[in-house]
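Secondary and tertiary structure notes
Below, each chain spelled out in residue letters.
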Amino acid sequence: MMRSYIGLSLSFCLMFAVACSDDGNTGGTGGTAGTAGTGGTAGTGGMGGDGGMGGTGGGDTTEKSADISLGCSNSSPIGLQSILSAVLTVEAPTAIPADQEFDAVLSGIATFPESFLDAAQPLVAGGLKQAKLTDLAYIVQLRSGATPSGPDSDVALTADPAQLSPGATQFCQYPPTTICTQDSDCIVAPCNEPIILVDVPTSEDCEVGGVCDMLGKADGAASQCGLNGFCVTGDLNVPLLPLTEAYTADASGSVVFGWADQGLDNSTFDPMTELFTIPKPSTAEPIEQGLKVDAGLVVSIECVMGTDEGEEPGNTENDLVGLTPDMDLISFPIE
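The numbers attached to residues start from 1 for each chain and follow its sequence in the written order. Only residues with pLDDT of at least 70 are given local features in this predicted model, and only at 80 or more are side-chain atom pairs given and counted; all residues enter the totals for whole chains, interfaces and linings. To obtain the side-chain values, all non-hydrogen atoms of the structure were used and water was disregarded.

A few words now on the nonpolar core. Think of a nonpolar core as a cluster: buried Ala, Val, Leu, Ile, Met, Phe, Trp, Tyr and Cys residues, connected wherever their side-chain atoms sit within 4.5 Å. When accessible area is computed with a 1.4 Å probe and restricted to protein chains, residues below 20% of their type maximum are described as buried, those above 50% as exposed, and intermediate ones as partly exposed. Ranked by size, the top nonpolar core spans 55 residues in total, and within it F257 and W259 carry the most contacts. Sorting elements by how many residues they give to this core places strand 5 (residues 130–144) first, with six residues. Within the second largest apolar cluster, eight residues are counted, among which are A260, L264, V304 and V321. Each helix is a run of DSSP H or I of at least 4 residues and each strand a run of E of at least 2, with the numbering of both proceeding from the N terminus.

Here it is, written out as structure tokens:
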């Protein structure tokens, strides 16, 4: 994973350089009466922990989470493939009844990596403390064990503005930096439709032994502290808006959930090599699965669920992306 982030950081730097001219598997504890227990969160690529049994008063459900890897390409000039991840969370009946309909609550957390944010700091005037989340979609697919009760087999999760800071924000047509709630707030109307603003995790503790120094981002004039007076302290995590979907279970087996790796236009799969190819995305096109961030320079990331199969021979900066096994996904037993 570290090798992948380094490759992404290099690719991201190259993109910024030209962009101005180019447009633990831990189970949860049992719930009290009427309340389902909460599942633990697995490490990267691992299975989510089993949640505790719900109390007798409210039905037995389990919440499971897994940090599932994705192969992604970004809108840099070279568009290298790298391995990222996004947390998928599913709450469903602890034991799903065979041949019966059931509800599943789907949610999760998407991640814009710290390495991307680091790469932007010396290239955005004054540094990057806030970004516009202009597009995001992570698609939940049912791999096996059930069929959707509705017409759609894919469920696209989007960003949850209520869990982001500052979140949904409106700006004037002019001045474009003026926040508004109505047209009269603006010198030139309209007060535009809301966009999602997200604060980048940063710290101004640039002292010796401080937060930025401990992260290796405060040493010298060319460091983040030296350039901007602050540093990035972690990934930009984006909670996804929960959706409840209905499914009908098979007669036996397990119901298996993951991110999308079938039917996507953003990637191709070679059945001979069992590898995905994810072409470089365009910043002008909507995101199919991934996210688009505008920090004065637009970055698009398109992804397909897949595992890290190592470096491409002859191109050590490009990751090979393979099929994800069921064991890395979220499953619920059918009874």
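Quick look at the state of the cysteines now. Cysteine sulfur atoms that pair up within 2.5 Å are treated as a disulfide. Following the criterion strictly, the structure yields five disulfides and no others. One disulfide in the model links C172 with C186; its S-S distance is 2.0 Å. Residues C172 and C186 are joined by a disulfide whose S-S torsion is about -85°; by sign, that bridge is left-handed. In this pair, C172 sits in strand 9 (residues 172–174) while C186 sits in the loop between strand 9 and strand 10 (188–191), placing the two residues 14 residues apart along the sequence. You'll find C172 and C186 in the same group, each marked buried. Two residues, C212 and C231, share a disulfide whose sulfurs are 2.1 Å apart.

Mapping S107 onto the fold places it in strand 4 (residues 101–112). The class for S107 is buried, based on a relative accessible area of 16%. Those residues within four positions of S107 in sequence are excluded, and the remaining contacts are V87, L88, T89, L157, L240 and P242. Residues count as neighbours in contact if any of their non-hydrogen atoms are within 4.5 Å of one another.

Geometry of aromatic contacts follows a simple scheme: Phe, Tyr and Trp rings, the Trp one being its six-membered ring, pair when their centres are within 6.5 Å, and the pair is stacked under 30 degrees between planes, edge-to-face over 60, tilted otherwise. Applying the stated criterion to the full structure yields six aromatic pairs. Ring geometry for Y247 and F257: centres 5.5 Å apart, planes at 80°, overall edge-to-face. Placement of the pair is Y247 in strand 14 (residues 236–249) and F257 in strand 15 (residues 254–259), with a sequence separation of ten residues. Across this residue pair, the class does not change: Y247 and F257 are buried. Through pairs of rings, three or more aromatic residues link up here, namely F102, Y247, F257 and F332. Should the NZ of a Lys or the CZ of an Arg lie within 6 Å of a ring centre and within 35 degrees of the ring normal, that charge is described as sitting over the ring. Directly above the aromatic system of F230 lies the positively charged group of K129, at a separation of 4.7 Å from the ring centroid.

Below, the discussion takes up the confidence of the model for the protein. pLDDT runs from 0 to 100 and stands for how confident the predictor is about each residue. In this model, the protein carries a mean pLDDT of 85, and residues with pLDDT of at least 70 account for 82%. Low pLDDT (under 50) marks residues 1–58, which in the prediction has 155 contacts with non-local residues, meaning those over four places away or in another chain.

The next point concerns the pattern of salt bridges. Note that side chains of opposite charge can pair when their charged atoms are close. Salt-bridge detection follows one rule: a side-chain nitrogen of Lys or Arg within 4 Å of a carboxyl oxygen of Asp or Glu. Taken as a whole and judged by the stated rule, the model has five salt bridges. Between K217 and D118 there is a salt bridge, with its nearest N and O atoms 2.8 Å apart. On the criterion of sequence distance, the pair formed by K217 in the loop between helix 3 (211–214) and helix 4 (224–228) and D118 in helix 2 (residues 114–120) is long-range, its members being 99 residues apart. For K217, a relative accessible area of 9% translates into the label buried. We note a salt bridge from E204 to K129, for which the minimum N-O separation is 2.8 Å. Residue E204 is found in the loop between strand 12 (202–203) and helix 3, and its partner K129 is found in the loop between helix 2 and strand 5; the two are separated by 75 residues along the sequence. In this structure E204 comes out as exposed when scored by relative accessible area, which is 57%. For K129, a relative accessible area of 36% translates into the label partly exposed. Where salt bridges share partners, they join E114, D118 and K217 into one cluster.

Within the secondary structure, D205 sits in the loop between strand 12 and helix 3. Through-space distance from the C-alpha of D205 to that of C225 is 8.7 Å; in sequence the pair is 20 residues apart. Discounting residues that sit within four places of it in the chain, D205 has contacts with G210, V211, C212 and D213. Pairing of N or O atoms within 3.5 Å defines a polar contact, subject to two protein rules: one partner must be a possible hydrogen donor and the other a possible acceptor, and residues neighboring in sequence count only if both atoms are side-chain atoms. Within the structure, the side chain of D205 is placed 3.2 Å from the backbone nitrogen of V211, a separation counted as a polar contact.

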